[in-house]
Amino acid sequence: MAMKPNKYKVFEQFMTIALCADAVAFILYMIFAGLGIIWLKVILTLVCFALSAYILWVLYNSKELLRQRSLWMTVGAGAIAFCLFMSLVLNFPSPNKYKPVEKENSVTQQK
């Protein structure tokens, strides 16, 4: 006789994958924000907030939001959203404003 899969275990695996995807999106956001690629920063910001909101919504609908056994999922999604929000407010990471910009025109003007 086949054993029934534990519903919470399947739920936990799904949420773990979603949290890992959210963390990867946040790391990519940090990398591209530091490089100064604005359009990718905006897209990854929306993806991170959407994933965090989705995770919290699923936890709320399943009545697992503040339960002891699922608290790490709630904290993980909230922490990513909070770190992303603080990164946007503080504008960190951002490209170095004081780094001298190499201009192609300066070489041609010297000739």
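Each residue is numbered by its place in its chain's sequence as written, counting from 1. For this predicted model, a pLDDT threshold of at least 70 governs which residues receive local features, and a threshold of 80 or more governs which side-chain atom pairs are given and counted, while totals over whole chains, interfaces and linings are taken from all residues. Think of the side-chain values as coming from all heavy atoms in the structure, minus any hydrogens and water.

K.L.:
Before we go on, may I ask you to explain helix H1 (residues 7-35) in this structure?
P.N.:
For an α-helix the count is 3.6 residues per turn, leaving residues at separations of three or four pointing the same way. A run of DSSP states H or I qualifies as a helix once it reaches four residues; a run of E qualifies as a strand once it reaches two. Both are numbered from the N-terminal end. To estimate the expected span of a helix, subtract one from its residue number and multiply by 1.5 Å. The end-to-end C-alpha separation of H1 is 42 Å, in line with the 42 Å expected for 29 residues at 1.5 Å each. Taken residue by residue, H1 has Tyr-8, Phe-11, Met-15, Ala-18, Leu-19, Asp-22, Ala-25, Phe-26, Tyr-29 and Ala-33 as its buried positions. Check the buried side of H1 and you find it contacts helix H2 (38-61) and helix H3 (71-90). What qualifies as a polar contact is a pair of N or O atoms within 3.5 Å, subject to a donor-acceptor requirement within protein and to the restriction that residues adjacent in sequence count only when both atoms come from side chains. Measuring from the side-chain oxygen of the N-cap residue of H1 to the backbone nitrogen of Tyr-8 gives 3.2 Å; that N-cap residue is Asn-6. Burial classification: accessible surface area is computed with a 1.4 Å probe over protein chains only, and a residue below 20% of its type maximum counts as buried, one above 50% as exposed, and the rest as partly exposed. Any two residues having at least one pair of non-hydrogen atoms within 4.5 Å are treated as being in contact.

K.L.:
Explanation requested: the packing of aromatic side chains in the structure shown.
P.N.:
When we look at a pair of aromatic rings, we describe it by the centre distance and by the angle of the planes. Aromatic pairs are defined between Phe, Tyr and Trp rings, using the six-membered ring for Trp, whenever the two ring centres lie within 6.5 Å; interplanar angles under 30 degrees are classed as stacked, those over 60 as edge-to-face, and all others as tilted. This model, assessed by the stated rule, comprises 4 aromatic pairs. Ring centres 6.5 Å apart and planes at 85° place the aromatic pair Phe-14 and Tyr-54 in the edge-to-face group. Remark: Tyr-54 occurs in helix H2 and Phe-14 occurs in helix H1; sequence separation between them is 40 residues. Exposure remark for Tyr-54: the relative accessible area of 37% places this residue in the partly exposed category. A ring pair is formed by Tyr-54 and Trp-57, whose centres lie 6.2 Å apart and whose planes are at 35°; its orientation type is tilted. Residue Tyr-54 and its partner Trp-57 are both found in helix H2; the two are separated by 3 residues, about one turn of the helix. Grouped by ring-pair contacts, the aromatic residues Phe-14, Tyr-54 and Trp-57 constitute a single cluster. Ring-over charges, as used throughout, are those where CZ of Arg or NZ of Lys falls within 6 Å of the ring centre and within 35 degrees of the ring normal. Geometry around Tyr-8 places Arg-69 over its ring, the cationic atom sitting 4.0 Å from the centre.

K.L.:
Sorry, what's going on with the confidence of the model for the chain here?
P.N.:
Predicted coordinates in regions of low pLDDT should not be interpreted in detail. Of all residues in the chain, 89% attain a pLDDT of 70 or more, and the chain-wide mean is 90. No element of the chain has a lower mean pLDDT than helix H4 (residues 104-110), which averages 59, and none a higher one than H2, which averages 97. Per-residue confidence from the predictor is reported as pLDDT, a score between 0 and 100.

K.L.:
Honestly, the pattern of salt bridges in this entry has me stumped. Any pointers?
P.N.:
Any two side chains of opposite charge can pair if their charged atoms end up close together. Think of a salt bridge as a Lys or Arg side-chain nitrogen and an Asp or Glu carboxyl oxygen that are within 4 Å of each other. Counted under the stated rule, the structure contains 2 salt bridges. Notably, a salt bridge pairs Arg-67 with Glu-64, separated by 3.2 Å at the nearest N-O pair. For Glu-64, a relative accessible area of 5% puts it in the buried group. Across the salt bridge formed by Arg-69 and Glu-64, the nearest N and O atoms sit 2.6 Å from each other.

K.L.:
Could you clarify how one ought to interpret the nonpolar core in this entry?
P.N.:
Soluble globular proteins tend to pack their nonpolar side chains together in the buried interior. Residues enter a nonpolar core if they are buried and are Ala, Val, Leu, Ile, Met, Phe, Trp, Tyr or Cys, with the set joined through side-chain atoms within 4.5 Å. Counting 10 residues, the largest nonpolar core consists of Tyr-8, Phe-11, Met-15, Ala-18, Leu-19, Ile-55, Val-58, Leu-59, Met-73 and Ala-77. Elements that contribute at least two residues to this core include exactly H1, H2 and H3. Discounting chain neighbours no more than four positions away, the residues touching Met-73 are Tyr-8, Phe-11, Glu-12, Met-15, Leu-19, Ile-55 and Leu-59. Counting 9 residues, the second largest nonpolar core, distinct from the first, contains Ala-25, Tyr-29, Leu-40 and Leu-44.

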